Amino acid sequence: MTRVLAIARNTLREVARERVVLVLAMFGLALVVGAQALSPLALGEGRKVVIDFGLAGASLLATTLAVFLGSTLLHKELERRTVYSILAKPIRREEFLIGKFLGLWFTTSMLLAGMAVILLAVVTLAYRDTPWQILGAVGLTLMELGIVTAVVILFSSFTTPALTAFFAVAATVAGHFAEDLRYFASQGASPAVQALTQGAYWILPHLDVFNARGLVVHGLSVGPDRLAFGFAYGLLYAIGIMVLAGVIFRRREFR
Amino acid sequence: MTARIDRAVVAGVACAGLLVALAGLIERAAGSRFERAREEELLYYPSGFMVRQAALGYETAAADIAWLRGVQYYGEHRLTDQKFDMIGHVMRIVADLDPQFVEPYVFGAFVLAQELKQPERGLELLERGMRANPANWRLAFETGFLHYVCRHDFAAAGRYFTWASRMPGHPDYAERFAAFANERAGNTGMAVLLWKQVLATGNRYMQDVARRELERLEAI
Amino acid sequence: MPRDRKAHLPAPSLTSGLREVEPLPPVRLENVSKVYRDPMTLRPFTAVDGVSLTLERGEILGLLGPNGAGKTSTIKMILGLTRPTRGVIRIEGRDPWDSDARKRLGYLPENPCFYDHLGAAEYLDLVGALFGLSRVASRRRSEALLARLGLAAHARKPLRKFSKGMTQRLGICQALLNEPSLLVLDEPMSGLDPIGRAEAKQLLREERDKGTTILLSSHVLSETESLCDRVAILHRGRVHEVGGVSELLSSGVLEWEIAVDSLSDERAAILRSRGHSVQSVGRRWVVRVERESEVQEVLRDLVQERATIRSVEPRRESLEDYFVRALGADGRPAS
């Protein structure tokens, strides 16, 4: 575990020292503040607009970061050959991969949490009322980030950064359609198409599970059962993906 | 060094691209800038479902963008040609994206009934709102309002006012209005009361309309 | 009950077990081959071909060969970075794939590269954590090593500002951090200046004297011949010869070079007539004598003539020369 944490800490440091993170964090701040400036146009619905934009921006930015930083993370290690001296230490391949995963997940989570805190502060100052219920939505988004990060690590364990980013974006987008796939499957033209859609339905992450933004912007809080389900599902899915990634990475040859 | 900058550029461009694509879709959906000639096209636009899919989990934020555009569309035409043909369409898209967003139903119904003189379409929108938010007193109250002021259907108005008065969070006047409407005590008096309520509680645009109506009824 | 019965058995005598507990060699390769496949064409390429090699405790073994001989491929298999296609590798009896096998192993990669975003001390902290050292122990050891390799003043400098030589020295630090019993060094002398090279050699000798087994690879013989106890010559993936440096290259003294300050034309002509080569190099003369037996005679003549003799040196065979001799026309380094 110390080895995993050492790799995670190093990944966190590596990622946090990237300029992109700073750029995107500023962008997020600008978004929340900008939404606040926009609110007089919203016919008295400014509070909703600020929360909506704040939550959407935070989750979009964190997901984008996870995909773009994650897709180059392993490749950079190979290209700069830093991985050789690390893997020659008494560390298992899986431990290295899990460390990378945790480091990236933690970094993007920090960004997400930071933006959530800014959002809470902005809304509290502007409307004299703290929308604590957004924390439930942020918690679920955190788990979604875990899944996205795991998917990115999985693809990067055997393919190029460009393909990793492509596959990860595709999986994320398709993950939002996962619920609709069952409907499409029932409408499928041929049995082959039906089987394919059914398969995709079971394989793809159901990212809708983690979207409670529509709930919290209207002042409702995320129920404990929904939170528990989201955490359990997110954790299990991420673990499943990481196991697969570990199996692939174990077989990898480092020429 | 260059690799660092490259990555920053790629991430930035991708991010901007995503946002532009999202904004572009909503822009299309809101359709406020469409030329008249292209409005017929919009009739075939697969409104709710497509836009909802395109929002990729950011439906409520997308609804806000459409809402902001809708409000601006109203404001622009309010100041110029008084044509609000697209408002119903935009508000329906907002409702598709975020069914729990109450304001668009109320505002959309209000514009449809008062500005376009199409109370039936306004009531349709409100009914959708009530189906998605059955415990919201405002939607029931506004429905009663439209029945009373625009359709002079006092029985229906009374029913909706009563309904509103039984929902959580309703204001005191809901009961009063229910009583009045049920008694059908003089059309104008009730109408004036209702408009005064709008003047006191509605947003700026609604207040303008209320003031106009009250002037017409010579109540101010 | 089995447990009871076992309790009544006599304890196994110490001597009976001893025969099996022969000390395990630090590294043993048995008929190891590595075949790579081109990812596009899938055409196989044999990088290592049936290598058998056993390292003995506390020796320095040089793995020598031209570029492309299979040195790095062999080392990567020993570290578990790649798997042998055929054959068996054991580190103290363990499969290199087992991460515990690397607990007391130090590795310096060829042209090492470390994380740009860290400082030298931070990197060594990371390495210490990977070796499972306590924070205090890791710090103490890394400070000592940084000081020993002349990097103490640069401990906080980001690694992206490190020169090639400094990176190489940090590489030696990270390989020694866990006080390894086995050191694997891929081209350890590359990137170092002559002084750095001498210091590194000194350090490696000290390590060997402490009992550390060292495997190092090189394609330049002169760097390593004074250091290695044994060398293995690798060529086209095969071990060509294994033995002591002097054993392998004793016949490798090609000629003796005698440098003198002044030389009369007469004497030069006589020397040439005896088959020696005489050349003027700047203000000096260099006489090249092929047979050792004739060196004494030439020297005597020169002394009689009162020529000032500056140096007498055997010119040894270089590894490149060795390949030309030992492998004939086929000895060209494989590309």
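Residues numbered from 1 in each chain as written. Chains lettered and ligands numbered in written order. Predicted model: local features only at pLDDT ≥ 70, side-chain atom pairs only at ≥ 80, totals over all residues.

### A look at the overall build of chain A
Right, on to step 1. Along the backbone of chain A there are 10 helices and 0 strands.
Right, on to step 2. Listed by position from the N terminus, the elements making up chain A come as α-α-α-α-α-α-α-α-α-α.
Right, on to step 3. Computed over C-alpha atoms, the radius of gyration of chain A comes to 20 Å, within 12% of the 18 Å expected from 2.2 N^0.38 for 255 residues, which places it in the range of a compact globule.
Right, on to step 4. Its C-alpha atoms give chain A principal-axis dimensions of about 60 × 50 × 30 Å.
Right, on to step 5. Per-residue burial over chain A gives 52% buried out of 255 residues.
Right, on to step 6. Expressed as a percentage of contacts within chain A between residues at least 6 apart in sequence, the contacts between residues at least 24 apart total 79%. (Helix = DSSP H or I, 4+ residues; strand = E, 2+ residues; numbered from the N terminus. Rg over C-alpha atoms; globule rule 2.2 N^0.38 Å. Buried ≥ 20, exposed ≤ 12 C-beta atoms within 10 Å, placed from the backbone. Contact = placed C-beta atoms within 7 Å.)

### Comments concerning the sheet that holds strand β4 (residues 86-91) of chain C
Residues and elements named next belong to chain C.
Right, on to step 1. The strand order β2-β1-β4 describes an open sheet built from 3 strands, whose pairing is antiparallel. The open sheet has two edge strands, β2 (44-55) and β4, and neither has a second partner. Pairwise comparison of adjacent strand axes, ignoring direction, gives a mean angle of 25 degrees for this sheet.
Right, on to step 2. Where strand β1 (residues 27-37) lies against β2, 8 bridges are found, and the strand directions are antiparallel. Among the inter-strand pairings, V32 is bridged to a residue of β2, identified as V51. (Pairing = 2+ DSSP bridges. Axes fitted to C-alpha atoms, helices over the stretch in contact; angles between N-to-C directions.)

### Overview of the interface of chain A and chain B
Right, on to step 1. On the chain B side, the residues contacting the 28 residues of chain A number 25 residues.
Right, on to step 2. Elements supplying a minimum of two residues to the side of chain A that touches chain B: α2 (19-38), α3 (46-79), α7 (161-187) and α9 (213-216) of chain A.
Right, on to step 3. Class assignment for the residues of the side of chain A that touches chain B results in 15 nonpolar, 7 polar and 6 charged. (Nonpolar A, V, L, I, M, F, W, Y, C, P; charged D, E, K, R; others polar.)

### Observations regarding the interface of chain A and chain C
Right, on to step 1. Taken together, the 22 residues of chain A in the interface contact 23 residues of chain C.
Right, on to step 2. Of all the elements in the fold, those that place two or more residues in the side of chain A that touches chain C are α1 (2-16) and α4 (82-87) of chain A.
Right, on to step 3. In terms of residues, the side of chain A that touches chain C owes the most to one element, α1(A), which gives 6 residues.
Right, on to step 4. Of the residues contributing to the side of chain A that touches chain C, the split by class is 8 nonpolar, 4 polar and 10 charged.

### Here we look at the sheet that holds strand β12 (residues 284-289) of chain C
Backbone-to-backbone hydrogen bonds pair the strands of a sheet. The strands run either parallel or antiparallel.
Residue and element names in this part refer to chain C.
Right, on to step 1. Reading across from one edge, β11-β12-β10-β13 is the order of the 4 strands in this open sheet, with antiparallel pairing throughout. Each edge of the open sheet carries a strand with a single partner, namely β11 (277-281) and β13 (309-316). Across the sheet, the mean angle from the axis of one strand to that of its neighbour is 20 degrees, orientation sign disregarded.
Right, on to step 2. Along the sheet face, helix α11 (residues 292-304) touches β10 (253-260), β12 and β13 and points at about 5 degrees away from the line of β10.

### Quick word on the nonpolar core
Right, on to step 1. Counting 205 residues, the largest nonpolar core has A:V151, B:V94, B:A109, C:C173 and C:V184 as the members making the most contacts within it.
Right, on to step 2. With 17 residues, α3(A) is the largest single contributor of residues to this core.
Right, on to step 3. Contact partners of B:A109, with chain neighbours within four places excluded, come to B:G122, B:L123, B:L125, B:L126, B:E142 and B:L146.
Right, on to step 4. Of all hydrophobic cores here, the second largest spans 8 residues; its members include C:W256, C:I258, C:V260 and C:V289. (Core = buried A, V, L, I, M, F, W, Y, C linked by C-beta atoms within 7 Å.)

### Some remarks on the packing of helix α4 (residues 59-79) of chain B against helix α5 (residues 87-97) of chain B
Two numbers describe a pair of packed helices, the interaxial angle and the distance between the axes.
Residue and element names in this part refer to chain B.
Right, on to step 1. Contact pair α4 / α5: the axes reach a minimum separation of 8 Å and the direction vectors enclose 165 degrees. Between α4 and α5, the angle is such that the two are roughly antiparallel. α4 and α5 meet at a crossing whose hand is left-handed. Contact residues: α4 offers E59, A62, A63, A66, W67, R69, G70, Y73 and Y74, while α5 offers I87, V90, M91, I93, V94 and L97.
Right, on to step 2. Classifying every residue of the contact of α4 with α5 by side-chain character gives 12 nonpolar, 1 polar and 2 charged. (Parallel < 35°, antiparallel > 145°, perpendicular 65-115°, else oblique. Left-handed = near helix turned anticlockwise from the far one by under 90°.)

### Notes on the confidence of the model for chain C
All names here are of chain C.
Right, on to step 1. With 86% of its residues at a pLDDT of 70 or more, chain C has an overall mean of 84.
Right, on to step 2. Contacts for the low-pLDDT stretch residues 1-12, under 50 throughout, to residues beyond four places or in other chains number 1 contact.
Right, on to step 3. For the stretch residues 331-335, pLDDT sits under 50, and the model shows 10 contacts to residues farther than four places along the chain or on other chains.
Right, on to step 4. Across the assembled chains, the prediction reports ipTM 0.85 with pTM 0.77. (pLDDT = per-residue confidence, 0-100.)

### Remarks on the environment of A:D180
All names here are of chain A.
Right, on to step 1. Following the sequence through the fold, D180 ends up in helix α7.
Right, on to step 2. Given 15 C-beta atoms within 10 Å, D180 falls into the partly exposed group.
Right, on to step 3. Separated by 50 residues in sequence, D180 and T130 place their C-alpha atoms 35 Å apart.

### With respect to the packing of helix α4 (residues 120-130) of chain C against helix α6 (residues 164-176) of chain C
Residue and element names in this part refer to chain C.
Right, on to step 1. The interhelical angle for the contact between α4 and α6, taken along N-to-C directions, is 30 degrees, at an axis separation of 10 Å. When the axis of α4 is compared with that of α6, the two are roughly parallel. The element α4 and its partner α6 pack so that their crossing is right-handed. The segment α4 lies against α6, with A120, Y123, L124 and V127 engaging L170, C173 and Q174.
Right, on to step 2. Here the contact of α4 with α6 is composed, by residue class, of 6 nonpolar, 1 polar and no charged.

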